[in-house]
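Residue-level structure breakdown
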Amino acid sequence: KPLSSRELCELNYSFSMAHVTAIEKLLTEYAQNCVEMTFNRSSIDLCVIHGQTVFHSPPLSHQMLNGALIAQSIQIPVCYDLRAADLAQGGQGAPITPLADYILFRGDDKASSTVEKQRRERRAVVNLGGFCNVTWLYCKDDIPIYHSNDETVPKGHLVPYTNGDKDEEGLEGR
């Protein structure tokens, strides 16, 4: 059954408070286990939280998360809803993914052989989540060339190779 506006707000509140609980636990455990230095909560400049995508079809998108509630609860500034800023600038709504892919998976210009270098020159990093991110990378220090999403095509074609139940109508990917 569809959620009422009130139920959606209650879910958003509960989801945000679950983040508060997790962050508080993480900070407490880190403080208890920190041996290299004295941990002081006030030394944290910023907490960045992605949120939960409940709908995404650029340029339309909605993230579930109440960043103001979390910031007030943990007493640390919170940066959130990064997707909206990226969409407003004409992006696909995944501003961190291409940069992270570039940092983690770019090629090595010091490859040992020409074959190895050619193999690394062109690659795609595919992230299958609630929707699909594809970042094309090159060996040189270029910014990722392309980033896109398609909510159903890759998953619909890859599912038969994982569990055998192909999602013909793309309902699982939406």
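The structure contained in this document is the topic of the report that follows. Source: prediction; values computed, not measured.

About the criteria used
- Residues numbered from 1 in each chain as written.
- Predicted model: local features only at pLDDT ≥ 70, side-chain atom pairs only at ≥ 80, totals over all residues.
- Heavy atoms only, no water.
- Salt bridge = Lys/Arg side-chain N within 4 Å of Asp/Glu carboxyl O.
- Buried < 20%, exposed > 50% of the residue type's maximum accessible area, 1.4 Å probe, protein only.
- Helix = DSSP H or I, 4+ residues; strand = E, 2+ residues; numbered from the N terminus.
- Arc of directions from axis to C-beta.
- Contact = heavy atoms within 4.5 Å.
- Polar contact = N/O pair within 3.5 Å; in protein donor to acceptor, adjacent residues only side chain to side chain.
- Axes fitted to C-alpha atoms, helices over the stretch in contact; angles between N-to-C directions.
- Left-handed = near helix turned anticlockwise from the far one by under 90°.
- Core = buried A, V, L, I, M, F, W, Y, C linked by side-chain atoms within 4.5 Å.

With that settled, consider the pattern of salt bridges. All chains considered together, the criterion is met by 4 salt bridges. The residue Lys1 makes a salt bridge to Glu7 at a minimum N-O spacing of 3.5 Å. The partly exposed category is assigned to Glu7, whose relative accessible area is 27%. Across the pair Arg41 and Glu24 runs a salt bridge whose closest N-O atoms are separated by 2.9 Å. Of this pair, Arg41 sits in the loop between α1 (5-33) and β1 (47-49) while Glu24 sits in helix α1, placing them 17 residues apart in sequence. Exposure remark for Arg41: the relative accessible area of 30% places this residue in the partly exposed category.

What follows covers helix α2 (residues 67-74). When we look at burial in α2, the residues that qualify are Gly67, Leu69, Ile70 and Ile74. Within α2, the buried residues cover an arc of 160 degrees as seen down the axis, which keeps them to one side. Taken together, the buried residues of α2 touch α1, β1 and β4 (78-80). Measuring from the backbone nitrogen of Ala68 back to the side-chain oxygen at the start of α2 gives 3.3 Å, which picks out Asn66 as the cap.

Two quantities define a packed helix pair, namely the angle between the helix axes and the distance between the axes. Contact geometry of α1 with α2 gives a least axis separation of 9 Å together with a crossing angle of 35 degrees. As α1 packs across α2, the resulting crossing turns out to be right-handed. Residue-level inspection shows Tyr13, Ser16, Met17, His19, Val20, Ile23 and Glu24 of α1 in contact with α2, the latter providing Leu69, Ile70, Ser73 and Ile74.

The next subject is the nonpolar core. Among the nonpolar cores identified, the biggest contains 12 residues, and these are Val20, Ile23, Leu27, Cys34, Phe39, Cys47, Ile49, Leu65, Ile70, Ile74, Ile76 and Val78. When residues of this core are traced back to their parent elements, those giving at least two are α1, β1 and α2. Top element by residues in this core is α1. It accounts for 3 residues.

This is a description of form; function is not addressed.
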